[in-house]
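# Examining the three-dimensional arrangement
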Amino acid sequence: MLMSDTFFTFPVRVYYEDTDAGGIVYYANYLKFFERARTEWLRALGIEQDLLLSKNVAFVVIQVLMDNKKPAKFNELLTVYSQISTLKKASMVFVQKIHNNAGELVCSAEVKVAAVSFSGLKARAIPAEVLEVLARGR
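Overview of the structure. (Residues numbered from 1 in each chain as written. Predicted model: local features only at pLDDT ≥ 70, side-chain atom pairs only at ≥ 80, totals over all residues. Heavy atoms only, no water.)

To continue, consider unusual backbone geometry. The phi dihedral of N75 falls on the positive side, at around 75°, and the residue is not glycine. For N75, a relative accessible area of 46% puts it in the partly exposed group. Of note in this structure, L121 is not a glycine but carries a positive phi near 55°. Following the sequence through the fold, L121 ends up in the loop between β6 (105–117) and α3 (128–137). (Buried < 20%, exposed > 50% of the residue type's maximum accessible area, 1.4 Å probe, protein only. Helix = DSSP H or I, 4+ residues; strand = E, 2+ residues; numbered from the N terminus.)

Turning to the packing of aromatic side chains, a few remarks are in order. Applying the stated criterion across every chain yields a total of five aromatic pairs. Between Y16 and F74, the ring centres sit 5.8 Å apart and the planes meet at 90°, which makes this aromatic pair edge-to-face. Of the two residues, Y16 is situated in the loop between β2 (8–13) and α1 (28–44) and F74 in the loop between β3 (57–68) and β4 (77–87); the sequence distance between them amounts to 58 residues. Here Y26 and Y27 contribute two aromatic rings whose centre-to-centre distance is 4.8 Å and whose plane-to-plane angle is 50°, an arrangement assigned as tilted. Sitting over the ring of F94, R38 keeps its end group 5.9 Å from the ring centre. (Phe/Tyr/Trp six-rings, centres within 6.5 Å; stacked < 30°, edge-to-face > 60°. Lys NZ or Arg CZ within 6 Å of the ring centre and 35° of its normal.)

Structurally, R38 is set in helix α1. Excluding residues that lie within four positions of it along the chain, R38 makes contacts with V61, F94, Q96, V111 and V113. (Contact = heavy atoms within 4.5 Å.)

Time to look at the pattern of salt bridges. One pass over the structure, following the stated rule, counts six salt bridges. Where E48 meets R43, a salt bridge forms, and the shortest distance between an N and an O atom there is 3.2 Å. Of the residues examined, R43 reaches a relative accessible area of 38% and is grouped as partly exposed. D67 serves as the salt-bridge partner of K69, at 3.0 Å between the closest nitrogen and oxygen. A relative accessible area of 36% means that D67 is categorised as partly exposed. (Salt bridge = Lys/Arg side-chain N within 4 Å of Asp/Glu carboxyl O.)

Read these as spatial facts, not as claims about activity.
Laid out in structure tokens, this is it:
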């Protein structure tokens, strides 16, 4: 994992369970790789989602635009790049890309995430202290 002013990187190994019968990553699993990277990025910023849940705050994905460019295969080491392109009071948009070891773009996505109250699943503002950390970590 690496964080800089503009991006967060997270390595992902392609396991057999991530692939279809031909040894190619099943498209839905790229979404799992993106989710892991966002979670680890928040953790690297000191934001633990289980603690937010205990404070009635959850993040939910409300929109995904994904573009598959090149197949990833069993046992490849991939790198997920993540950054926030838009940060608002109650939502954020992540731009995420997955590259293989040759540096080739495998998959990219824009993922819109909104804050909700966990108990009622209604839209809410991102807590000010979290918003401040996210703004610094962009």
